[in-house]
Amino acid sequence: METTSPPSSERSDFIREIIAADLREGRHESVVTRFPPEPNGYLHIGHAKSICLNFGIAEEFGGRCHLRFDDTNPIKEEQEYIDSIEADVRWLGFDWGEHLYFASDYFEQLYEWAVHLIEAGKAYVDDLSADEIRQHRGTLTEPGRESPWRDRTIEENLDLFARMRAGEFPDGSRVLRAKIDMASPNINFRDPVMYRILHATHPRTGDAWRIYPSYDFAHGQSDAIEHITHSICTLEFQDHRPLYDWFIENLPVPSRPRQYEFARLNLTHTVLSKRVLLRLVNEGHVRGWDDPRMPTLSGLRRRGFPAEGIRDFAAMIGVAKADSVVEVEMLYHAVRDVLNRTALRRFAVLKPLKVVIENYPEGEAEEIEVINNPEDSSAGTRQVPFTRELWIERDDFMEDPPKKFFRLAPGREVRLRSAYFITCNEVVKDADGEIVELRCTYDPETRGGSAPDGRRPKATLHWLSIAHAVPAEVRFYDHLFENAHPGSDGRDIFDDLNPDSETVLHHCFVEPALSDAPPGETLQFERLGYFCSDADSTADAPVFNRTLTLRDTWAKLQAQGKQNSA
């Protein structure tokens, strides 16, 4: 009889090895994972690692991944966050299909299981305040102290818990705690809180509940209800795993999920704390959650980072058991690699200098054929208008150039991309001595960028016809935090904010084809970098965000490292 091998993955890491072994040895017939965000903020690049891992594993092993919102704290949760999270997961290229869930879907079942623990003598209602509970908990070196309410009768606990649900008591007056071991070396085992009183309207359940479960109580049981096979989370939950298992083992849950932890993402020049990100938004340090300087997925998307680049980055950094810090240039490298292949090339002049071609016929214009992407022949070509008066980059001209400056200078010939060779003959200055115009001549025999006699200028410049150029605003972005490790050495993290993280240029020009570039389209402005059309654009005033420069620092450092080790 022919047997079928279980699904496997081409990638290898300790989690994939565990899953492969579970399938091979028959512990599970299929893989079910989940991504369980709290709807109290926008997803960031760290979440992308978890999304790619959970959805990626499910896809690789022929299973499924659920999207489940851990909506157990109505005070901090908003529909805006739910909508943004769903949009971000879809943008990354993943789909949960019909498996969209909320922890609030299980509130009634969780309540019944809490009653089950009370009836088994494994949970009790405590009247200590939050501060008193903290004081009783003990430390890493000292055991905790039992609450004076720990030995209430089962009947009294059941009565009080029901009255808590009914809303009889004020916020913070009572909690339900698991009855485990106040002397346990694992602080999470010292009678953790399962329910707290909260008179708040829930976005989905309204005013039906006046008590809400803790994350530790809701999370594992939600996994069990959904028949999750592998509950994958970051390392900060490692010490919570024994509690996760304790609840599963002491409740009549329908399945037995297991928790596995991996190292969370830490990036240089980047802060992923929701608390800090919220302050950045609320205090006006950034334009909003989708500011291109933010590490949120909506911010990265607005900056022009392609989803493929983020997925590739997640694959590059892999899955490890120990925390480490990844150079943000590695993310940039993954993004550039995608954009180099996919981004259409366009002309833009950011610091314009006027060029007049004196021997070009006045009033005439012609169309120059320009390649859209030299890395992709299927991208075809476009027509760019050429006239007597042009814009070039001010940085592409020097009146008295140093030895290794090969761009335009008096008496020097350069190539205009896909157009003609021009030679600078005269420099025009204003009353302040500022260069305002270059007088040049062109060689009509060099149309297309090559000369019949084979001469080859050492520099090729981009350009725009002044009559056809479209005015644009261009925003340049740098690290939001100057220090590679913000807040290190005990400094206030906000002291490391980069005052020059955003620079806006207002007198830029782009080629006519970009007047209606759709928001979110990332292009390469030839010789300048990758830029993305922003949602602030209008038909008369397009706005572009610089995604990245063309230079790949990370790849260069990697190459140098290999040379040094050779």
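The structure this text deals with has already been given above.
Residues numbered from 1 in each chain as written. Predicted model: local features only at pLDDT ≥ 70, side-chain atom pairs only at ≥ 80, totals over all residues. Heavy atoms only, no water.

**Points about the overall build of the protein**
So, step 1. Summing up its helical and strand segments, the protein has 13 helices and 25 strands in all.
So, step 2. A globule of 566 residues ought to have a C-alpha radius of gyration of about 24 Å, yet the protein, at 31 Å, is considerably larger.
So, step 3. In terms of its C-alpha atoms, the protein occupies a principal-axis envelope of roughly 100 × 70 × 45 Å.
So, step 4. By residue count, 52% of the 566 residues in the protein fall in the buried class. (Helix = DSSP H or I, 4+ residues; strand = E, 2+ residues; numbered from the N terminus. Rg over C-alpha atoms; globule rule 2.2 N^0.38 Å. Buried < 20%, exposed > 50% of the residue type's maximum accessible area, 1.4 Å probe, protein only.)

**Things to note about the packing of helix α1 (residues 14-24) against helix α2 (residues 45-60)**
So, step 1. In the contact formed by α1 and α2, the axes pass within 12 Å of each other and the chain directions differ by 35°. Of the two possible hands of crossing, α1 and α2 adopt the one that is right-handed. Touching I15, R16 and I19 of α1 are L53, I57 and E60, all from α2.
So, step 2. Looking at side-chain class alone, the contact of α1 with α2 contains four nonpolar, no polar and two charged residues. (Axes fitted to C-alpha atoms, helices over the stretch in contact; angles between N-to-C directions. Left-handed = near helix turned anticlockwise from the far one by under 90°. Contact = heavy atoms within 4.5 Å. Nonpolar A, V, L, I, M, F, W, Y, C, P; charged D, E, K, R; others polar.)

**Here we look at the layout of surface pockets**
Any space left empty among the atoms is revealed by the rolling of a water-sized probe across them.
So, step 1. One number sums up the size of the largest pocket: a volume of about 710 Å³.
So, step 2. Of all the secondary structure elements, the ones that give two or more residues to the lining of the largest pocket are β1 (32-35), α2 and β8 (230-234).
So, step 3. Ranked by the residues each element gives to the lining of the largest pocket, the list is headed by α2, at four residues.
So, step 4. What the second largest pocket holds in volume is close to 370 Å³.
So, step 5. As for the second largest pocket, its lining consists of 20 residues, and the residues nearest its centre are A130, I133, R137, P192 and V193.
So, step 6. Of all the elements in the fold, those that place two or more residues in the lining of the second largest pocket are α5 (130-136) and β6 (193-197).
So, step 7. When its residues are assigned to classes, the lining of the second largest pocket shows eight nonpolar, five polar and seven charged. (1 Å grid on protein atoms, 1.4 Å probe; cavity = no way out; pocket = protein on both sides within 12 Å on 5 of 7 lines; lining within 4 Å. Points joined across faces, edges and corners; volume = space filled by probe spheres on them.)

**What about helix α11 (residues 307-317)?**
So, step 1. Three or more residues of α11 are buried, namely A307, G309, I310, F313 and A314. Angular distribution of buried residues about the axis of α11 spans 160°; they occupy a single face of the element.
So, step 2. Buried residues along α11 sit against α2, α3 (79-91), α10 (297-303) and α12 (328-342).
So, step 3. Just downstream of α11 lies G318, where phi reads positive at about 70°. (Arc of directions from axis to C-beta.)

**Describing the nonpolar core**
So, step 1. Core analysis: the largest hydrophobic core is formed by 39 residues, its most contacted members being I45, I51, V89 and F313.
So, step 2. The biggest single contributor to this core is α12, with seven residues.
So, step 3. With sequence-adjacent residues up to four places away left out, I51 is seen in contact with F35, L43, G56, V89, L92, F94 and L297.
So, step 4. Counting residues in hydrophobic clusters, the runner-up holds 37 residues, among them W113, L160, W209 and Y212. (Core = buried A, V, L, I, M, F, W, Y, C linked by side-chain atoms within 4.5 Å.)

**Quick notes on the pairing of strand β17 (residues 421-429)**
So, step 1. Pairing between strand β16 (residues 413-416) and β17: three bridges, direction antiparallel. Looking across to β17, one finds that E413 is bridged to T423.
So, step 2. In this antiparallel pair of consecutive strands, β16 and β17, the connection spans four residues, and S418 shows a positive phi of 65°.
So, step 3. Where β17 and strand β18 (residues 435-443) come together, eight bridges link them in antiparallel fashion. The residue of β18 that forms the bridge with E426 is R439.
So, step 4. Hairpin connection, β17 to β18: the antiparallel pair is bridged by five residues, and G433 has positive phi, about 85°. (Pairing = 2+ DSSP bridges.)

**Some thoughts on the packing of aromatic side chains**
So, step 1. Taken as a whole, this structure holds 25 aromatic pairs when the rule is applied.
So, step 2. Taking the centre distance of 5.4 Å and the plane angle of 35° together, the rings of Y215 and F237 count as tilted. Taken together, the residues span a long stretch of sequence, with Y215 in helix α7 (residues 215-225) and F237 in the loop between β8 and α8 (241-249) at a distance of 22 residues.
So, step 3. Using a relative accessible area of 22% as the deciding quantity, one classes Y215 as partly exposed.
So, step 4. Note on W246 and F247: the rings are 5.4 Å apart at their centroids and 75° apart in plane angle, and the pair reads as edge-to-face.
So, step 5. Overall, W246 belongs to the buried group, its relative accessible area being 12%.
So, step 6. Aromatic ring contacts, followed pair by pair, group F107, Y111, F161, Y195, W209, Y212, F217, W246 and F247 into a single cluster.
So, step 7. Sitting above the plane of the Y111 ring, R165 keeps its charged end 4.6 Å from the centroid.
So, step 8. Lying across the ring of F102, R204 places its NZ or CZ 3.8 Å from the centre. (Phe/Tyr/Trp six-rings, centres within 6.5 Å; stacked < 30°, edge-to-face > 60°. Lys NZ or Arg CZ within 6 Å of the ring centre and 35° of its normal.)

**A short note on empty space enclosed by the protein**
So, step 1. For the coordinates displayed, the defined rule picks out three cavities of 30 Å³ or more.
So, step 2. Forming the walls of the largest cavity are 20 residues, and the residues nearest its centre are T270, R293, P295, R303 and Y332.
So, step 3. Of all elements in the fold, only α10 and α12 reach the threshold of two or more residues within the lining of the largest cavity.
So, step 4. Sorting elements by how many residues they give to the lining of the largest cavity places α12 first, with three residues.
So, step 5. Computed from the structure, the second largest cavity encloses a volume of approximately 70 Å³.
So, step 6. Y215, D216, H219, F237, H240, L243, Y244 and Q259 together form the lining of the second largest cavity.
So, step 7. Breaking the lining of the second largest cavity down by element, the ones donating at least two residues are α7 and α8.
So, step 8. At three residues, α7 tops the list of elements feeding residues into the lining of the second largest cavity.
So, step 9. Here the lining of the second largest cavity is built from residues that sort into four nonpolar, three polar and one charged.

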